[in-house]
Structure formats: structure tokens, C-alpha cells
Amino acid sequence: MTAAGIVHLGVGAFHRAHQAVYLDDILADDPQWAIVGASLRRADMRDALAAQDNLFTVAIRSGDETKLRVVGSLKTIYVAPEDPEALLTAMCDPAVRIVSMTVTEKGYCHDPATGDLDPAHPDVAADLVRPRAPISTPGLLAEALRRRREAKIVPFTVMPCDNLPENGPTVHRIVAQYAALIDGGLARFVENDVAFAGTMVDRIVPATSEADIAEISAKLGVEDAWPVMTEPFTQWVIEDRFPTGRPDFAAVGAEMVGDVEPFERMKLRMLNGSHSTLAYLGYLAGYETVAQTMAAPDFARLIMGLMTEEVMPTLDVPGADLGAYRDALVRRFNNPALKHRTWQIAMDGSQKLPQRLLGTVRDRLGAGAPIDRLALGVAAWMRYVTAVDEKGAAIDVRDPMADRLKAIGEVAGRDPEKLAAAYLGVEEIFGRDLAASDDFVRPVVAALAALLDRGAAATVSQYGRGGH
Ligand code: CS2
């Protein structure tokens, strides 16, 4: 009989194609680590999986090949807004030693530029009124930790699995800052007595389409209401800080390290920085997927140049071969079987830009080094969030700041200098330093002028040749 040792917040496609697979391997030898999942918003995943005993298919695709695996590590799925008490009770079970989460960047209710809690975030504001029935991630963690402390149950270890910079310390700080708004004693407890294990997670998992569901169900011979689609590659680097116990992650292929930060930085800047650059430019140029964008030689050259010339010099990762890492990324981006939509990756740019592009920009500026391709990525984001494409059609921009960003574009108009200045004024993304740096503003304005004037394809061709 399996028992739940982990509660996971945010049972999306990524979690099911990544952590749930590792845990499925673990459960074969050590049955105490099943996962209790929770959806923090919608009931659709719970409803889809309930009818199939929470079993689901992971379809691993490359080239013409699709391998299927059925995963059974999810025991239950709660829908937090329907029954917050059931979720909190599960989080307080003494058998639960880890609470992990994939709630996306915006799920932490923080200011992306500083990494601090945003006390004015609507979910945080709601939780501060009703802290015993929280809806936000910081609120749920703090309330569960408060109850465990009161009941004298050792705290769980918090294990964030999102693409945030320094996700362990960042989430630790956010939860402590939230707790401080409720009770100083709880804040000190979170600060001193709760472990936060940072992780670097990596697997490309595009959203599942209707066509995928039909294809996988046909291959499987039974209906799977919500399979997940992914690539063969998978990586999980975990900081080894689990004072109250953990599964043998290393036995199933995860890498246990003392400090995960260099690995996170490498992944965020190389993979995700390239991904976002490809997403904005590729979308504007009319490409639907990453693989289609990479098949255009100018785009492939731009991404190669971005990684080699502008990102790799900022990285120092013990034992890593950055050239080999880059080449493997290029192969992964080229996987035509994945159908990873540029529009999907373009989502939530306001929450992604700082760790994907702007940290690299700051390091390069500090070293007096050029940033032309990074600036093109930033300018492409600006062009994208104006919410009008190169043919004059509306772009469905999904971002917590979408309305504000669109309004900024409408007020500033199409003058590249004015438009860039207006976007650079969004401090939650750019902080204060970048708008004041001529060495940053100049290449951003130049790239934005080219995008507005000639469009993404012609601009990328110019930058790809290095001839701007
Ligand atoms: C992507 C990531 O959607 C996005 O923003 O860049 O989800 C990416 O596919 C994963 O981080 C890969 O590990």
C-alpha cells in the first residue's frame, strides 16, 4: 500500500511529465512517497484524471517515434478553492515530508524584478483577510506550517520546481515575508526552522492538444482524457536539504547537489532565455512552433550567437561543458515532433524576462560587453506586448500585466524611442537601473526600430549575420 509523502501544488502538464515520473520510479522500491496533488484554480485536471484512477500517459516524442508510459504516482487531486480544508489537512499529515510546487512564475505573488512578496497582490490581500482559508501559494504554505507548528508536527521541506532564479532562497524569502504580515513568531519559525530545497527542473512539455488526446488514446487502446506530451530529455538537479527525510532521488536519475544556483542560472539563461527570444521573434515572423522557427537558418544562427557570444561568457558551472549543453539545446529545440507553440512560451513574459534575459544583460553591461542579441529579445517582447501583430491583427497576449502593457503601447505610439522608454519604465520588470543605462537603452531602441520598420524576419536575418 502506497502512502503519500509529498503534497504537490500545481498538477499541470509539466509536473506530470517530470516529477511524477521520477516518483513513479521511486515508488517501485519505496512506497511511502506517493504524491497528493492539488490544483489551485480549476477542477479540470482532477475531473479528467478521477475517472481513470489518477493514472495518465506520458508520451515521449522524438522524430517519428512516440513511446508511451503510464504513470501512477498521483494518489489524489484536491481542488483547493473547492475545499481548502482538505488540502491543508493533507499538508499537515505527519507522513508528508515534502511540499513541492509548480505554480508558474506568477504563482508566487512576487515582484519579478526584486523577488520580494508583492503584498498588494490580490490573492495575498485576500489571504491576509482570511489567513486560515488561504488561496495563494505563500498563504497555503504559511498556514500549513503554522498548523504543523501548533500541533508539534515537524515542518515539511518546501521544494519549489518553477523556473525562478534561486528558487529555494527566493521562495523562502517570499513565504517568510508573507508570514511576517500575519505573525512575527511564525515568520521567525519559517526563517529558521523550515528547509527550502531549491531545484533546477528541465523537460520540454508543450500543452496537450485535442489531436494528441485522440492519437494517444488510439495508440494505447483505452481512452486517456489528458495525456502529457514530452521529449526524451529530462533533468532534475536538487539541493540536498531535507532534514525530515526524502526519497532516494539520486537512485532514479536526479542529481543531488549542495548548491543548485549555478545549474539554475545556466538553464534559465541558456534554455529559457533562448526560448523566450524564439517565442517573441518567431511569433512575430509567423511561425507557430519552436521547431519551425529553428528551421529558419537566420533564427538558428541568431540563437547560436546569443548563447555562444552573449550568454555563455556569463556562466561558470562546475563540471559543465557549456558548448555541449548548448548543442544539446539546439537539438532539443529542433525536435519537430514536439509542436511547442511560440504563443505558449510567449505567455507571462513580465514574470520571465528578469531571470531569462535581464540578469544576463546586467552581467554583460557590468563587464562592458555587447548585448545586441539580448536587446533584440527584449525589444521583441516589447513589440509583442503591444498586442498587434505585423499584419495589424490582434495578438492574444496572456500575462498578468497584459492590459497595462497594451495601454502603455497605445499611449506611447510607434516611435521606437518613446515606446522603449515607456516599457523600460515598468519597474516590476526592469528595476530602475536598466532604464538609466545608455548601453542598454541604445541597442533596445535600435532593435525595436528595426522590428517596427522591417518586421521580425528581416531583422533576425540582419542580426543573424551579425551585420547590424
Ligand atoms: C518554456 C519552459 O514555456 C516556457 O516559458 O520556456 O516551459 C520550458 O519549456 C521548460 O522550462 C523546459 O524545461
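Reading the values: rules and limits
- Residues numbered from 1 in each chain as written.
- Predicted model: local features only at pLDDT ≥ 70, side-chain atom pairs only at ≥ 80, totals over all residues.
- Heavy atoms only, no water.
- Helix = DSSP H or I, 4+ residues; strand = E, 2+ residues; numbered from the N terminus.
- Buried < 20%, exposed > 50% of the residue type's maximum accessible area, 1.4 Å probe, protein only.
- Contact = heavy atoms within 4.5 Å.
- UniProt positions renumbered as here; feature names shortened; annotations may be inferred.
- Near = heavy atom within 4 Å.
- Polar contact = N/O pair within 3.5 Å; in protein donor to acceptor, adjacent residues only side chain to side chain.
- Areas by Shrake-Rupley, 256 points an atom, 1.4 Å probe, with all protein chains shown as cover.
- Nonpolar A, V, L, I, M, F, W, Y, C, P; charged D, E, K, R; others polar.
- Domains from an automatic or database assignment.
- Pairing = 2+ DSSP bridges.
- Axes fitted to C-alpha atoms, helices over the stretch in contact; angles between N-to-C directions.

Trainee: Give me unusual backbone geometry: which residues, what numbers.
Mentor: In terms of backbone geometry, most residues other than glycine have negative phi values and most peptide bonds are trans. The phi torsion at C109 lies on the positive side, around 55 degrees, for a residue other than glycine. Structurally, C109 can be placed in the loop between strand 6 (98-101) and helix 5 (122-129).

Trainee: Describe the environment of A450, with residues and values.
Mentor: Following the sequence through the fold, A450 ends up in helix 20 (residues 438-454). Taking relative accessible area as the criterion, A450 reaches 5% and is therefore assigned buried. Along the backbone, A450 and Q462 are 12 residues apart, and their C-alpha atoms lie at a distance of 9.5 Å. If we skip the residues at most four places from it in the chain, A450 touches G455 and T459.

Trainee: Please give an account of the UniProt feature "domain: Mannitol dehydrogenase N-terminal" (unreviewed entry) in the protein chain that cites residues and values.
Mentor: UniProt tags residues 5-248 as "domain: Mannitol dehydrogenase N-terminal" (unreviewed entry). In residues 5-248, helix accounts for 35% and strand for 21%; the two terminal C-alpha atoms are 13 Å from one another.

Trainee: So what's going on with the site of the ligand? Which residues, and what values?
Mentor: By nearness alone, every residue bordering the ligand is listed as N163, D202, R203, I204, K267, N272, H275, H340, I345, K352 and R356. Taking K267, its side chain carries an N or O atom lying 2.7 Å from an oxygen atom of the ligand. Here the ligand, which alone exposes 340 Å², has 87% of that area covered by the protein. Looking at the shell around the ligand, the elements that each hand over two or more residues are helix 10 (261-284) and helix 15 (349-366). The leading source of residues in the shell around the ligand is helix 10, at 3 residues. Residue classes in the shell around the ligand are distributed as 2 nonpolar, 4 polar and 5 charged. Here the shell around the ligand gathers at least three residues from each of two domains, domain 1 (4-257) and domain 2 (261-464).

Trainee: Provide a residue-level description of the environment of L376, including the pertinent values.
Mentor: Position of L376 among the secondary structure elements: in helix 16 (residues 372-385). Overall, L376 belongs to the buried group, its relative accessible area being 0%. Sequence separation of L376 and D439 is 63 residues, and the distance between their C-alpha atoms is 13 Å.

Trainee: Could you give me a rundown of the pairing of strand 3 (residues 56-62), with the residues and numbers involved?
Mentor: Counting buried residues along strand 3, 5 of its 7 residues qualify, which places the element largely inside the surrounding structure. Looking at chain direction, strand 3 and strand 4 (residues 65-71) are connected through 7 bridges and run antiparallel. Paired with F56 across the bridge in strand 4 is V71. The antiparallel pairing of strand 3 with strand 4 creates a hairpin that spans 2 residues between the two strands, and G63 there sits at a positive phi of about 55 degrees. Note: strand 3 against strand 9 (residues 228-230), 3 bridges, orientation parallel. What sits directly across from A59, in strand 9, is M229.

Trainee: So what's going on with the sheet that holds strand 8 (residues 199-202)? Residues and values would help.
Mentor: Read from one edge to the other, the open sheet built from 3 strands follows the order 8-10-11, with strand pairing classed as mixed. This sheet does not close on itself; its edge strands, each paired only once, are strand 8 and strand 11 (255-257). Across the sheet, the mean angle from the axis of one strand to that of its neighbour is 15 degrees, orientation sign disregarded. Where strand 10 (residues 235-239) meets strand 11, 3 bridges bridge the pair, whose relative direction is parallel. Across the sheet, the residue bridging to I238 is M256, located in strand 11. Each of strand 8, strand 10 and strand 11 touches helix 10; the most contacted strand, strand 8, lies at about 35 degrees to it.

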